[in-house]
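Observations on the model geometry
For reference, the chains in residue letters:
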Amino acid sequence: ETGVTQSPTHLIKTRGQQVTLRCSSQSGHNTVSWYQQALGQGPQFIFQYYREEENGRGNFPPRFSGLQFPNYSSELNVNALELDDSALYLCASSLAGTGVNYGYTFGSGTRLTVV
Amino acid sequence: GQNIDQPTEMTATEGAIVQINCTYQTSGFNGLFWYQQHAGEAPTFLSYNVLDGLEEKGRFSSFLSRSKGYSYLLLKELQMKDSASYLCAVGSSNDYKLSFGAGTTVTVRA
């Protein structure tokens, strides 16, 4: 079975631009969660998608948005980029109904640098 | 909300034992997780505790006391490859998100 894959691995953007990050969930998983990890910090929950709808959101402004597709893959979109958006963005997939304790698998992340 | 605290850094010698403590305050507790994260890589699952007590998995053990809001991860027979950040995370019963501490960087020296 394949794990969680994210693209691109690294990205440099200018302040004010928009960015789209992509995630393919692990085979058999139907839920995708996105996390932001600033340097030296733990991951912070952005939001979760299940059945193509947002299913919970952390303390992030509306310029952070997402999508989930019928094949359970997902996108994270960030508009009007700010310098503080520079971070590692992690995608994690899981199987809804089994709880967080089962198969919460992280991808290797996208390193976003905003200049 | 969640408030999770763990030490920033720890250093130990190869072959030794290190204990990483984690305290938490949470509403709707649904388990405590430990993840290992090497620099530039994804967090990888180490352990999960939902009931009080000790869970042992080879060289790694994890302990939970729900009444005290306390957990620890015990790393035995340390190896150089154990140098990494160790993340304590709490699961919420209200949703499927994890709330993470800032991580403890463990450095293993020869």
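Scroll up a little and you will see the structure.
These lines cover the structure that appears in this document, whether it is placed above or below. For clarity, every value in this text was computed on a predicted model and none was experimentally measured.

1. Brief notes about the overall build of chain A
Looking only at helices and strands, one finds zero helices and 11 strands in chain A. With the C-alpha coordinates of chain A rotated into their principal frame, the extents come out at 40 × 25 × 25 Å. Considering only intrachain contacts with a sequence separation of at least 6, the fraction spanning at least 24 residues in chain A is 53%. With the model as given, the accessible surface of chain A reaches about 5500 Å², and the carbon-plus-sulfur share is 48%. On chain A, the mean spot of the 7 positive side-chain charges and the mean spot of the 8 negative ones are 6 Å from each other.

2. With respect to the interface of chain B and chain A
Listed per partner, the contact involves 17 residues of chain B and 19 residues of chain A. When chain B packs against chain A, the two sides together hide about 1500 Å² of surface, and 62% of this comes from carbon and sulfur. Where chain B packs against chain A, one counts zero salt bridges. Where the side of chain B that touches chain A is concerned, the elements lending two or more residues are strand 4 (29-37) and strand 10 (98-100) of chain B. The element contributing the most residues to the side of chain B that touches chain A is strand 4 of chain B, with four residues. Residue classes in the side of chain B that touches chain A are distributed as 10 nonpolar, four polar and three charged.

3. Thoughts on the pattern of salt bridges
Tallying each qualifying case throughout the model produces seven salt bridges over all chains. Taking the shortest distance from any N to any O, the salt bridge between Glu 75 of chain A and Arg 22 of chain A comes out at 3.5 Å. A residue pair is termed long-range when its members are at least 10 positions apart, and Glu 75 of chain A in strand 8 (residues 74-78) and Arg 22 of chain A in strand 3 (residues 19-24) qualify at 53 residues. Across the salt bridge formed by Glu 56 of chain B and Lys 76 of chain B, the nearest N and O atoms sit 3.6 Å from each other.

Scoring rules and cut-offs
- Each residue is numbered by its place in its chain's sequence as written, counting from 1.
- Just so you know, chain letters begin at A and ligand numbers begin at 1, following the order they were written in.
- Where local features are concerned, this predicted model is filtered to residues with pLDDT of at least 70; where side-chain atom pairs are given and counted, the filter is 80 or more; whole-chain, interface and lining totals use all residues.
- The side-chain values count all of the structure's non-hydrogen atoms but skip hydrogen atoms and water molecules.
- A run of H or I in DSSP counts as a helix once it spans at least four residues, and a run of E counts as a strand once it spans at least two, with each numbered from the N terminus.
- The contact rule is simple, with two residues in contact once any of their heavy atoms fall within 4.5 Å.
- Note that accessible areas follow from Shrake-Rupley with a 1.4 Å probe, and for residues the cover is restricted to the protein chains shown.
- The charge count treats Lys and Arg as positive and Asp and Glu as negative. His and the chain ends do not count.
- Here the site of a charge means NZ on Lys, CZ on Arg, CG on Asp, or CD on Glu.
- Each of two parts loses accessible area, computed with a 1.4 Å probe, when they are put together; buried area is these two losses added.
- Any carboxyl oxygen of Asp or Glu that lies within 4 Å of a side-chain nitrogen of Lys or Arg is treated as forming a salt bridge with it.
- Under the scheme applied, nonpolar residues are Ala, Val, Leu, Ile, Met, Phe, Trp, Tyr, Cys and Pro; charged residues are Asp, Glu, Lys and Arg; polar residues are all the others, including Gly.

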